[in-house]
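# Tertiary structure, described
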Amino acid sequence: MRVDLFDFDLPNDLIALRPVSPRDKARMLFARGQEALADKSVRDLPDLLEPGDVLVFNDTRVIPAQLTGKRGEATIGATLHKRLDLRRWQAFIRNGKRLRGGDRIDFGADVSAIAETRAEDGSWTLAFEGGEPVEVLLERAGTMPLPPYIAGKRPTDERDREDYQTIFADEDGAVAAPTAALHFTPELLAALDERGILRETLTLHVGAGTFLPVKADDTDDHQMHAEWGRIDAATADRLNAVRASGRRLIAVGTTSLRLLESAADETGIIQPFEDDTSIFITPGYTFRAVDGLMTNFHLPKSTLMMLVSALIGRERIMDVYAHAIAEKYRFYSYGDSSLLLP
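In this report, we go over the structure that sits alongside the text. (Residues numbered from 1 in each chain as written. Predicted model: local features only at pLDDT ≥ 70, side-chain atom pairs only at ≥ 80, totals over all residues. Heavy atoms only, no water.)

### Digging into the overall build of the protein chain
Under the convention used in this document: Secondary structure follows DSSP: runs of H or I at least 4 residues long count as helices, runs of E at least 2 residues long count as strands, and numbering of each begins at the N terminus. For this measure, only C-alpha atoms enter the radius of gyration; the expected value for a globule follows 2.2 Å times N^0.38, where N is the number of residues. Note on exposure labels: buried denotes an accessible area under 20% of the residue type's maximum, exposed denotes more than 50%, and partly exposed covers the range between, all computed with a 1.4 Å probe on protein chains only. Throughout, a contact is declared for two residues whenever any of their heavy atoms are within 4.5 Å. Per-residue and other accessible areas were derived by the Shrake-Rupley procedure at a 1.4 Å probe size, with only the shown protein chains allowed to occlude residues. Positive charges come from Lys and Arg, negative ones from Asp and Glu, while His and the chain ends are left out of the count. Positions of charges follow a simple convention, taking NZ of Lys, CZ of Arg, CG of Asp or CD of Glu.
The number of helices and strands found in the protein chain is nine helices and 17 strands. The globule rule puts the C-alpha radius of gyration for 342 residues at 20 Å, and the 20 Å found for the protein chain is close to it. C-alpha extents for the protein chain along the principal axes are approximately 60 × 45 × 40 Å. Split into buried and exposed, the 342 residues of the protein chain put 55% on the buried side. Relative to all contacts within the protein chain whose residues are 6 or more apart in sequence, the contacts with residues 24 or more apart total 71%. Per element, the accessible surface of the protein chain, about 14,800 Å² overall, is 47% carbon and sulfur. Charge-centre separation for the protein chain: the mean point of 41 positive side chains lies 4 Å from the mean point of 54 negative side chains.

### Here's the deal with the side chain of Thr60
Definition in use: A 3.5 Å cut-off defines polar contacts: any pair of N or O atoms within that distance qualifies, except that in protein one atom must be a possible hydrogen donor and the other a possible acceptor, and neighbouring residues in sequence count only when both atoms are side-chain atoms.
Mapped onto the fold, Thr60 is located in strand β4 (residues 60–62). At a separation of 3.5 Å, a polar atom in the side chain of Thr60 contacts the main-chain amide nitrogen of Ala174. Polar contacts involving the side chain of Thr60 include one to the side chain of His205, which spans 2.7 Å. Setting aside residues up to four positions removed in sequence, Thr60 forms contacts with Ala169, Asp170, Glu171, Gly173, Ala174, Pro178, Leu204, His205 and Val206.

### A look at the pairing of strand β9 (residues 111–118)
Operational definition: Paired strands, as defined in this entry, are two strands with at least two bridges between them according to DSSP.
Here strand β8 (residues 104–108) runs beside β9; their pairing, made up of four bridges, is antiparallel. Across the sheet, Asp106 pairs through a bridge with Ser112, a residue of β9. One ladder, built from four bridges, connects β9 with strand β10 (residues 124–128); its direction is antiparallel. Paired with Ala113 across the two strands is Phe128, which belongs to β10. Joining the antiparallel neighbours β9 and β10 is a turn of five residues, in which Gly122 adopts a positive phi near 95°.

### Points about the sheet that holds strand β14 (residues 249–252)
This is how the line gets drawn: Note on geometry: axes are lines fitted to C-alpha atoms, helical ones only across the stretch in contact, with angles between N-to-C directions running from 0 to 180 degrees.
Within the open sheet, the nine strands sit side by side as β2-β1-β17-β16-β14-β3-β12-β13-β15. Their pairing is mixed. The open sheet has two free edges, formed respectively by β2 (38–41) and β15 (273–277), since each of these has just one partner strand. The average undirected angle you get between the axes of adjacent strands in this sheet is 25°. Summarising the sheet, strand β12 (residues 198–204) and strand β13 (residues 227–231) pair through two bridges and their orientation is antiparallel. Residue pairing across strands places Thr203 opposite Arg230, the latter belonging to β13. Most of the contacts of helix α8 (residues 303–312) go to strand β16 (residues 292–296), to which it runs at about 150°, and overall it touches β16 and β17 (337–341).

### Examining the pattern of salt bridges
Note the cut-off: Take a side-chain nitrogen of Lys or Arg and a carboxyl oxygen of Asp or Glu: if they are within 4 Å of each other, that pair is a salt bridge.
Counted by the stated rule, this structure contains 23 salt bridges. Of the charged contacts, one joins Arg88 and Asp85 as a salt bridge, the two residues approaching to 2.8 Å between their closest N and O atoms. Given a relative accessible area of 27%, Arg88 falls into the partly exposed group. Linking Arg140 and Glu132 is a salt bridge whose minimum nitrogen-to-oxygen distance equals 2.9 Å.

### Things to note about helix α9 (residues 314–326)
Selection rule: Helix span, expected: 1.5 Å multiplied by one less than the number of residues in the helix.
Look at α9: 18 Å from first C-alpha to last across 13 residues, which is about the 18 Å you get at 1.5 Å a residue. Lys328 occupies a position one or two residues after α9 and carries a positive phi of about 60°.

This is a description of form; function is not addressed.
Pasting the structure below:
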């Protein structure tokens, strides 16, 4: 499909630079089938779901994966996006033309890495020096890797270390937050429990590739970056039991949805999964595992815009976004939410 079919104009002032407080006070646009769109709040979520529904969350934790260092006199910026092994990460590099294989980058705070090899997409393999875990090194020298549409408007600060982390965050490894779950608070979870809404967690370490623009003119020519995910056998069994009983699985965020669909076989059975996934969901895709999606509002012509178009239809999603813009919903990672039920 043509990528420009997923384009829209967004007023700059609708890009949220901070989340609302408390988090569950965010607005939520409710789209169910072809019913009229409804302006709701995240706090309305328990009433919009049915007892027995299961919300599926991503428990990945964002690490401070943004680094700035020196290679001689040259300033080098690095955004880690995928772990390769205990010491090596794939990273997008700023000022990469000043880098050669074997160069040492000093990130300060006794943190350094060797630039090993450059990939076809321009990213580099960085091998971190020393014996400490890389996550410990990042806590010393790194900053939170805010999306470019936020980082380009204001500097990252200490508040982002909490704001850009969900309350489910447990497994270190993401360089971008599963932002749909940023809206959840203990109070909202208590209300969901009272309503009889269940929840499960899985792990998908979100990579910085999620923010890369689609440069191709046709979706067939776009190459997705791989991300590592895991669904253990016990979780897969419980999720399959939910579907077998006729209850619904609602993915909280496109990351949860992509992992569930990666793990589901042709019959819709969710298999245990521990591997990379580069699944690319576009209109025409047949969903196997999920019955709905809670998600924030996405960038024009992005792979996530294509995913939500696949879920409820391109014309329907364009109506959803036109309504959100007209009603001044806040967009992107720190913005408002939507609940999409086909």
